[in-house]
Structure formats: C-alpha cells, structure tokens
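Commentary on secondary and tertiary structure
The lines below spell out each chain.
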2 protein chains.
Amino acid sequence: MMRESSSKVLLETDRILLAHGSGGELSHELVASLFVKVFTNSFLDPLDDMAVLRLGENRLAFTTDSYVVTPVFFPGGDIGRLAVCGTVNDLAMGGALPLFLSAGFIIEEGFPFASLEKIVISMQKTAVEAGVKIVTGDTKVVNRGGADQIFINTAGIGLIPGGVSISGSLARPRDRILLSGSIGDHGVAILSSREGLQFSTTLESDCAPLNGLVASMLEVSPQIHCLRDPTRGGLSSTLNELARQSGVGIWVEEQRIPIKEEVRGACELLGLDPLILANEGKLVAVVAPEAAAKILQRMQAHPLGKDAAIIGEVQEEPGGKVVLRTSIGSTRLMDMIVGEPLPRIC
Amino acid sequence: MMRESSSKVLLETDRILLAHGSGGELSHELVASLFVKVFTNSFLDPLDDMAVLRLGENRLAFTTDSYVVTPVFFPGGDIGRLAVCGTVNDLAMGGALPLFLSAGFIIEEGFPFASLEKIVISMQKTAVEAGVKIVTGDTKVVNRGGADQIFINTAGIGLIPGGVSISGSLARPRDRILLSGSIGDHGVAILSSREGLQFSTTLESDCAPLNGLVASMLEVSPQIHCLRDPTRGGLSSTLNELARQSGVGIWVEEQRIPIKEEVRGACELLGLDPLILANEGKLVAVVAPEAAAKILQRMQAHPLGKDAAIIGEVQEEPGGKVVLRTSIGSTRLMDMIVGEPLPRIC
C-alpha cells in the first residue's frame, strides 16, 4: 500500500523527473499513460524493445535509443560504442539480424573535434564488430550550455528470420531463466569514472554487441521464448517487465546470479543494489525447460556468454511478479525501481 | 580567394562550432571529412537525404533527423510536428512512401508534463495527416541544465515504388527547377517567436508533410530527377547541393522565387537573406523539360503547392555552382552559407 501511494504521488507531479527516464516504474508509467495511449497502434502495443513490421515477405525489426551517458569516455567504452551496441542489442533481443543503423548527433558548441572523431571511429569499429552498416545520419549543434557535450541517437533495422518468434509476452510456466554473465559491470564502470565518485577499480564496462551470441543460441534451439538485455533499471527491471508482459511469476535464486567481486565491493561502498545496475553486454533468455541445458552450453562456449548461468524459472504464480530466493533461503519480491539512483548511465 | 581562406580557418578549428550544424559549407565539410570518411559504405556515399536499402524485392528508404528547435512551440507548429514532418519529408524527397517512424526523446528534468503531452499529441496528429505510424520509441531524461528543454529524434522507414529513381545526382542540362511555394516562412516564424526578437507578424511556419504532394506529382510524370526540401541553409544550400551532386550549373531567376511580403519585410528588418532561411513545408524539384508544365500544374492544384513556380533551369556550366539572375538583370553566384546566422531553427 505504501509503495502504491508513493508511486501515485510521483506520477501526479506536473513535471518530468529524472526517474521518468530510469527504466523503472515511472518510465513504464510514462510510456503507458502517454506514449502508448497517444501513439497507439498494433506495432507499438506489444512493448518489446523493438517493433516488428511486415513488408511483403519480410519481417523487419525497427528500434531506436538515444544515448546521454556521462562521462562520454569510460573504462571499456564510450558513448559511440554504447550507441551502436545498445541498438544492435535491442534488435538482437527480438531475434532479428541487425543490418542497418542511423546515427543522429546533438553536439554542444565547443565540443572538441578530436573527441568527436574518436567517438565516430569507435562507432564504426563497433559496427564492423556487429556486422552492421551505419547508412544515414544527422548532426545538430546547439549553443554552449544547450546540451551536455554530446548526445547520440541510433535507430536500427534488422531482419527477423523465418521461424523465430521471440517476445517478452511468451514466457511460460516451467521455462528456465538464463543470464549470459555477471551483472553490474557497466554501472560500476561508469560510476568509477564520475567526478567526485572516484574509487579504485580495474572493472570495465561490458558494453558489447550481443547479436553473435543470440545467433549462436538460435542455432542450437528455436525454443527461446524471451530475450532481453538488462540495461537501465538492471536485471530487476528486465525480469519484472517479462513477468508482467507474460503474466507469470519469475523465481530467481540469488546465489546463482554471477556478480564480480569488484561490483559487489563497489555496491557495498556506494550503498547500491547490483540487481538494479545497468548492463550493456548481457542478456536474459527465457527458454523451454527441455532446451535449457544445450542453450546454456552453447552460451558458455561463446566469449560473451562464458559465465552464463541458469538463475531461475518461470511459475504461474505470483503473476506479474519476481520472487528472489536469497542465499539464506528466505524469499522476497524483487521490485522494479521507482526513483532514479543512477542518472545518465546510458 | 577571401572566402576560401576564411572557410579554411573555420575548418581548422579544433572545436565544433554552431556552423557545423548549419546545413551550410561547414556542415558539408564535417560530413565529408569525418562521417563519410569513417562510416564509408555504398549506402551512405550518395549523400541524399536518405539511404536506399535493398531487402529482397523491396527498396527501403531509411533516414534520421534530430530536432532541437527553440522555442519548442512556435506560430504554425511545435517541435513534435516538426519532428514528424522533417523525417517524412526526407523520405518523400527520395520518392519513398513514408510508412514507419521511431521517436527518441531527450528531456530536461523539470520540463512540464503538459508540454510533453501537447508535443506528443501534435506528433500523432501529424503522423495521421502524413499517413505514417510511430512504432517504436525511447525516452531519456537528463539533469536540469543538461539539455535545453526537449530534443526529439525521429528515424523513418519508407518504401520506394518500382520505377521511381530520384537522387540529388540526377539533374541534367535543360531540366527545369520547380519550387513548391514561398520561401522563408518557417525561419521568420521561429525568429518572430524568439525572446528579444519580437516583431509583429501574422506569419506561420510552413511546417507540413510533403509526401502527399510528391505522390500527386509522381502520378502525372515519372520524370522527376531530384527532389529536396530546403530546410537548414535554405534554398541556397539546397540548390548548391544539387549542383554539386549532379556536377551541373543551376540558373535561377530571382524574381520568380515566391517570397511573402512579411518575409521580405522581416528580412530587411533583421538584415537576413530569405534565400538562406529554413523552410519545413516546401520542396525543390528538378524535372525533365518536357514534363515541367504538367508537373507544375499538378503542384498548383495541391494545397501545399498552390504557389509553385518554375524558378530556373539546369545548364552544363558553371559545374557545381548556382547562378542567380537578379531582378535588375545582373548575375551573381548564390553561395552556400559558411557561418550560422540562425542556430536551432529546426
């Protein structure tokens, strides 16, 4: 009851809050109460990371994301690499083969040309790594103080192969929940590089294109029901989204979730929950129970899935909720975040 | 000589200038020296407003633009209407039927929810007007001062009908240059609503989706060689782009260019050239001489082309240049702008 009323208070604000961009509860409320309500159409309504468009014989996937991460360069990546990976991954999470990206730059007057060049080269390097082409773009420059350094939007087009049907709404009781590796690396890498928050870590962002991993998983089994990358809002938001879209209960074993020591340490230091930290090179897969072992094995054979684990399973109850079984054997609901603990993480 | 050296000085700056986003000379240099060089591929290289992608039997058009206009609401439109029209028009300028749009919002913390709602409703209204669907989106919120109110990126997908082949590189000697209506309306409407620049005008932005006008032109003749909407950088930049891409000379009769009295007056008051003012609901068409009359007639029968005029023709010389024959009979080169007289016009 408490939570419901506090969320209600936040919603009734007449101004946009940082939390509306958090990927958590308020983001979902904004999408549901404004965007879906106004733009309503059959493509947008499924609320997956991408829209599926039929064009003749083809099923196209189409998605977009803007990137506002700060700092622009961070351990393991930069805003350019993130802008390519994020959109490639949204396409891959629908089982699509990513093909083409657009790139829209909003740059603050005075931004160093050398930094822009470094970012653009990083985008191209990442595009080659992911096998996609950046085919169209746009650049706007705003006055000093009109934007914070540089923002990049990428939109992406992919092709969904015949026979592939992956959506957040397809989780079924008894399905297994697979996670491709350790969580929180991106969030901690960004935090470690922020002014005033410097703490010592050798940790790098996990930022990587996941389409190769997905293709290799689909090779061993078509029985992949949901795929999602736990970015903003972390593993917690992703599992809650899947539970809600599919109307199922998701049960997760805390001790099976891979978390690096550096991430655990940083979270203790900063009072953060690794379950809500952003990841940029990890995926959650919900798969048929009979296919789980061979999909896991294939994931572990891929460089981006070597620490993959089965972290839980789908049950009928509690519908729309995520239950965490802690290492000491108790259970608690794993909530979606309401506020915004980490603005501009991506 | 003077101009060449001043442009060189600007290029050699190590920081991004407002002029890099002007749609003029420096924008083109940035695109050529960085984006095309690094992202180089056969889709990007033609430098049209959109990329043409082959997918099976279909030719898809794909484009993107970010919108940073200030103020967000202006006479005749708002950033939402602009974000839909701009991308729909880029698709239409390749002869494509616009089908699907993405929408990426970057919002400053504290932006009024009611304003966002008004913008989103305006986007949907404009999407319905243009016959397109907004199918996927993203919202990022940045801290107060991290962005100026709201920026919107839209990317668009369209289908190019068989037999249509329109590109900035296809202008041929003897082709006629058609302009769909009066220039400078958008630029003056934006300026009139800026703080500190208030002057009295009843003028509204011409912001409108042009795909209906293009479809009706293509109905009467397939002999449309180039189409382009003179947005940032105005008529002057657009004609220079076409002259360069096609390697032809473009000759324009100044007195045939429709300009409203209010625009002429405002330009005199502010010391601006209407030829460089942005338009958001106008197009330039380069068409075969034998088709010019019937295409013009069809344009004039459409509400968005009622003031259409033939304003000039293509010649072999001077290659890559635009020549303006003034009303007193003299001729001068119509240059592309180098600096940025009007930042954040779209």
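**Overview of the state of the cysteines**
Residues and elements named next belong to chain A.
- According to the stated counting rule, one finds 0 disulfides over all chains in the structure shown.
- Counting only cysteine sulfurs, Cys 207 is the nearest neighbor of Cys 85, a cysteine outside any disulfide, at a range of 3.9 Å.
- Distance from the sulfur of Cys 267, which forms no disulfide, to the nearest cysteine sulfur (Cys 346) is 17 Å.
- Residue class for Cys 267 comes out buried when judged on its relative accessible area of 6%.

**Here's the deal with the interface of chain A and chain B**
- With 74 residues of chain A at the contact, the number on the chain B side is 74 residues.
- A combined buried area of about 6600 Å² lies between chain A and chain B, and 71% of that area is made up of carbon and sulfur atoms.
- When the area that chain A buries against chain B is broken down by residue, the three leading residues are Ile 16, Phe 39 and Phe 62 of chain A, summing to 11%.
- At the junction of chain A with chain B, the criterion picks out 4 salt bridges.
- A salt bridge links Asp 65 of chain B to Lys 140 of chain A; its shortest N-O distance comes to 3.5 Å.
- Between the two partners, chain A and chain B, sit 26 residue pairs in polar contact (both at pLDDT 80 or more).
- Counting residues per element, the ones that place at least two in the side of chain A that touches chain B are α2 (25–39), β1 (51–55), β2 (58–67), β5 (97–108), α4 (113–130), β6 (133–142) and β7 (150–159) of chain A.
- The biggest single contributor to the side of chain A that touches chain B is β6 of chain A, with 10 residues.
- Of the residues that constitute the side of chain A that touches chain B, the class distribution is 42 nonpolar, 20 polar and 12 charged.

**So, the relation of the copies chain A and chain B**
- Expressed as a screw operation, the relation of chain A to chain B combines 0.0 Å of axial shift with a rotation of 180 degrees, fitting to an RMSD of 0.0 Å. Expressed as a symmetry operation, the mapping of one chain copy onto the other fits a two-fold axis. Measuring from the rotation axis to each C-alpha of chain A, the shortest distance belongs to Ala 147 of chain A, at 2.1 Å.
- In this assembly, 100% of the residues forming the interface of chain A have copies in chain B that are likewise at the interface, indicating an isologous arrangement.

**Concerning the pairing of β7 of chain A**
Residues and elements named next belong to chain A.
- Of all 10 residues in β7, 9 are buried, a share of seventy percent or more.
- Bridging between β5 and β7 involves 10 bridges; their strand directions are antiparallel. If you follow Ile 106 over to β7, its bridge partner there is Phe 151.

**A look at the pattern of salt bridges**
- Under the criterion given, the structure shown has 30 salt bridges over all chains.
- Measuring nitrogen to oxygen at the nearest pair gives 2.7 Å for the salt bridge that ties Arg 228 of chain B to Glu 241 of chain B. You can see Arg 228 of chain B sitting in strand β9 (residues 224–228) and its partner Glu 241 of chain B sitting in helix α7 (residues 234–246), a full 13 residues away along the chain.
- On the basis of relative accessibility, which here comes to 2%, the residue Arg 228 of chain B falls in the buried class.
- Look at Glu 241 of chain B and you get buried, because its relative accessible area is 15%.
- Where Lys 306 of chain B meets Asp 307 of chain B, a salt bridge forms, and the shortest distance between an N and an O atom there is 3.9 Å.
- Counted as one network, the salt bridges with shared partners bring together Asp 65 and Arg 232 of chain A together with Asp 138 and Lys 140 of chain B.

**Side note on helix α3 (residues 79–92) of chain A**
All names here are of chain A.
- Counted at 1.5 Å a residue, the expected span for α3 with its 14 residues is 20 Å, and the 20 Å between its end C-alpha atoms agrees.
- Counting buried residues in α3 gives 14 out of 14 residues, a clear majority hidden from the surface.
- Residue Asp 78 occupies the N-cap position of α3, its side-chain oxygen lying 2.7 Å from the main-chain nitrogen of Gly 80.

**Some thoughts on the packing of helix α6 (residues 211–220) of chain A against helix α9 (residues 292–300) of chain A**
All names here are of chain A.
- Direction vectors running N to C along α6 and α9 enclose 145 degrees, while the axes themselves pass 9 Å from each other. Considering only the axes of α6 and α9, their crossing is right-handed. On α9, the residues that touch Leu 213, Ser 216, Met 217, Glu 219 and Val 220 of α6 are Lys 294, Ile 295, Arg 298 and Met 299.

**A few points about unusual backbone geometry**
- The linkage connecting Thr 70 of chain A with the following residue, Pro 71 of chain A, adopts the cis geometry, with an omega of 0 degrees.
- As for its position among the elements, Pro 71 of chain A is in the loop between β2 and β3 (73–74).
- Look at the link from Glu 317 of chain B to Pro 318 of chain B: it is a cis peptide, with omega at -10 degrees.
- Position of Pro 318 of chain B among the secondary structure elements: in the loop between β12 (309–315) and β13 (322–325).
- Of note in the backbone geometry, Gln 149 of chain A takes a positive phi value of approximately 70 degrees without being a glycine.
- Within the secondary structure, Gln 149 of chain A sits in the loop between β6 and β7.
- Overall, Gln 149 of chain A belongs to the partly exposed group, its relative accessible area being 31%.
- The phi torsion at Arg 344 of chain A lies on the positive side, around 55 degrees, for a residue other than glycine.
- Within the secondary structure layout, Arg 344 of chain A lies in the segment after β14 (331–333).

**A look at the domain arrangement of chain A**
Residues and elements named next belong to chain A.
- The domain architecture assigned to chain A consists of domain 1 (46–160) and domain 2 (176–333).
- Of note, the centres of domain 1 and domain 2, computed from C-alpha atoms alone, are 23 Å apart.
- Here domain 1 meets domain 2 over a buried area of about 1900 Å², counting both sides, of which 58% is carbon and sulfur.
- Broken down residue by residue, the surface that domain 1 buries against domain 2 is led by Pro 75, Asn 89 and Met 93, which jointly contribute 30%.
- In this assembly, domain 1 and domain 2 are joined by 0 salt bridges.
- At the junction of domain 1 with domain 2, the criterion picks out 7 residue pairs in polar contact (both at pLDDT 80 or more).
- Contributions of two or more residues to the side of domain 1 that touches domain 2 are made by α3 and α4.
- Considering each element in turn, the side of domain 1 that touches domain 2 owes the most residues, 8 residues, to α3.
- The class makeup of the residues in the side of domain 1 that touches domain 2 is 13 nonpolar, 5 polar and 6 charged.

**Here we look at the sheet that holds β9 of chain B**
All names here are of chain B.
- One open sheet accounts for 7 strands, arranged β9-β11-β8-β12-β10-β13-β14; its pairing is mixed. The strands lining the two open edges of the sheet, one partner per strand, are β9 and β14 (331–333). The sheet shows a mean angle of 25 degrees between the axes of neighbouring strands, taken without regard to direction.

**Describing the packing of aromatic side chains**
- One pass over the full model with this rule turns up 6 aromatic pairs over all chains.
- Note on Phe 35 of chain B and Phe 39 of chain B: the rings are 6.2 Å apart at their centroids and 25 degrees apart in plane angle, and the pair reads as stacked. Taken as a pair, Phe 35 of chain B and Phe 39 of chain B lie in helix α2 (residues 25–39) at a separation of 4 residues, close to a single helical turn.
- The exposure class of Phe 35 of chain B is buried, given its relative accessible area of 7%.
- Ring-pair connections join several aromatic residues into one group, and the members of that group are Phe 35 and Phe 39 of chain A together with Phe 105 of chain B.
- Here the guanidinium or amino end of Lys 140 of chain A rests over the ring plane of Tyr 67 of chain B, the centre of that ring lying 5.6 Å away.

Thresholds, definitions, all that
- Residues numbered from 1 in each chain as written.
- Chains lettered and ligands numbered in written order.
- Predicted model: local features only at pLDDT ≥ 70, side-chain atom pairs only at ≥ 80, totals over all residues.
- Heavy atoms only, no water.
- Disulfide = S-S within 2.5 Å.
- Buried < 20%, exposed > 50% of the residue type's maximum accessible area, 1.4 Å probe, protein only.
- Contact = heavy atoms within 4.5 Å.
- Buried area = accessible area lost by both parts, 1.4 Å probe.
- Salt bridge = Lys/Arg side-chain N within 4 Å of Asp/Glu carboxyl O.
- Polar contact = N/O pair within 3.5 Å; in protein donor to acceptor, adjacent residues only side chain to side chain.
- Helix = DSSP H or I, 4+ residues; strand = E, 2+ residues; numbered from the N terminus.
- Nonpolar A, V, L, I, M, F, W, Y, C, P; charged D, E, K, R; others polar.
- Least-squares fit on C-alpha atoms with pLDDT ≥ 70 in both.
- Pairing = 2+ DSSP bridges.
- Expected span 1.5 Å × (residues − 1).
- Axes fitted to C-alpha atoms, helices over the stretch in contact; angles between N-to-C directions.
- Left-handed = near helix turned anticlockwise from the far one by under 90°.
- Domains from an automatic or database assignment.
- Phe/Tyr/Trp six-rings, centres within 6.5 Å; stacked < 30°, edge-to-face > 60°.
- Lys NZ or Arg CZ within 6 Å of the ring centre and 35° of its normal.

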